[in-house]
Amino acid sequence: MSKGLFISFEGTEGCGKSTQVELLVQRLRALGYCVRKHREPGGTPIGEEIRHTLKHSQHNHAMTAETELLLMNASRAQLVREIIRPALAAGEIIVCDRFYDSTTAYQGYGRQLDLEKVKAVIEFAVGETKPDLTLFVHVPPEVSAERLRSRQENLPFVRDRIEEADRKFFERVARGFGVIAAAEPQRVKFINGAQPIETVCAAIWEHVQPVLPKLGRW
Ligand code: TMP
């Protein structure tokens, strides 16, 4: 059984989770914990190539929802075996910017693929490797859209195939995350991401602190 701790962050575009991932990692490292930070899709050399294909490649316009599902999980299967399992076995903390709940929300609810098939693909990719704690950073759709727009205006333009989806897609994704959070309240903690950064950070810490003593004692 793993001795480490696996924390994932989830949320819609522009919810602020990447900032919060960084703040949590810094805080844990300052306390002396051995922490690895990763993102999905990506996190390994193979996964980063898959990420490029999924998001930015000039040749990805015709990608089907099924291909998207399988590529997300190909990246995940690699990350789990190359990084996450060895790190957990060594008693380290893994903080992952998105994990399989994103597949349920985006490919299941967003792309409307069959939820049972989506679940089966996820299970094949992850096996027994599941997050101990998931922080679901929630912002209302209008905040999400506004932050996305401001990011697109202020950063050099990089085409992102997934961000090209319509508003209804992102509404379904948001609803999907809500269903996931409601179904697994022990693991998935709802965080109000529409607050100042320090307030969100403190809310996250309230959930992380109690699980830290379990490190090395799974
Ligand atoms: P991000 O790293 O900027 O959040 O970009 C990742 C994108 O990939 C984001 O639009 C959500 C999407 N995604 C899925 O659609 N399914 C998945 O399983 C994962 C991990 C991400």
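Scope of this entry: the structure provided in the associated data block. (Residues numbered from 1 in each chain as written. Predicted model: local features only at pLDDT ≥ 70, side-chain atom pairs only at ≥ 80, totals over all residues. Heavy atoms only, no water.)

Each helix and strand counted, the protein has 8 helices and 5 strands in total. Computed over its C-alpha atoms, the radius of gyration of the protein comes to 17 Å, within 12% of the 17 Å expected for a compact globule of 218 residues. Judged by the C-alpha coordinates and their principal axes, the protein covers about 45 × 40 × 35 Å. Here the protein, with 218 residues, has 49% of them falling under the buried criterion. Of the contacts made within the protein by residues no fewer than 6 positions apart, 80% connect residues no fewer than 24 positions apart. Looking at the protein as shown, the accessible area adds up to about 11100 Å², and 56% of this sits on carbon and sulfur atoms. Here the protein carries 30 positive and 28 negative side-chain charges, and the mean point of each set is 3 Å from the other. (Helix = DSSP H or I, 4+ residues; strand = E, 2+ residues; numbered from the N terminus. Rg over C-alpha atoms; globule rule 2.2 N^0.38 Å. Buried < 20%, exposed > 50% of the residue type's maximum accessible area, 1.4 Å probe, protein only. Contact = heavy atoms within 4.5 Å. Areas by Shrake-Rupley, 256 points an atom, 1.4 Å probe, with all protein chains shown as cover. Lys, Arg positive; Asp, Glu negative; His and termini not counted. Charge placed at Lys NZ, Arg CZ, Asp CG, Glu CD.)

Let's shift gears to the site of the ligand. Close to the ligand lie 14 residues, the nearest being Arg-51, Lys-55, Arg-98, Thr-103 and Gln-107. At a separation of 3.0 Å, an oxygen atom of the ligand approaches a polar side-chain atom of Arg-51. Lys-55 is positioned such that a nitrogen or oxygen atom in its side chain is 2.8 Å from an oxygen atom of the ligand. Coverage of the ligand by the protein amounts to 93% of the 480 Å² it exposes when considered alone. Only α2 (45–55), α3 (65–89) and α4 (100–110) provide two or more residues apiece to the shell around the ligand. It is α4 that provides the largest number of residues to the shell around the ligand, a total of 4 residues. Looking at side-chain class alone, the shell around the ligand contains 4 nonpolar, 3 polar and 7 charged residues. (Near = heavy atom within 4 Å. Polar contact = N/O pair within 3.5 Å; in protein donor to acceptor, adjacent residues only side chain to side chain. Nonpolar A, V, L, I, M, F, W, Y, C, P; charged D, E, K, R; others polar.)

Nothing here speaks to function; it is geometry throughout.
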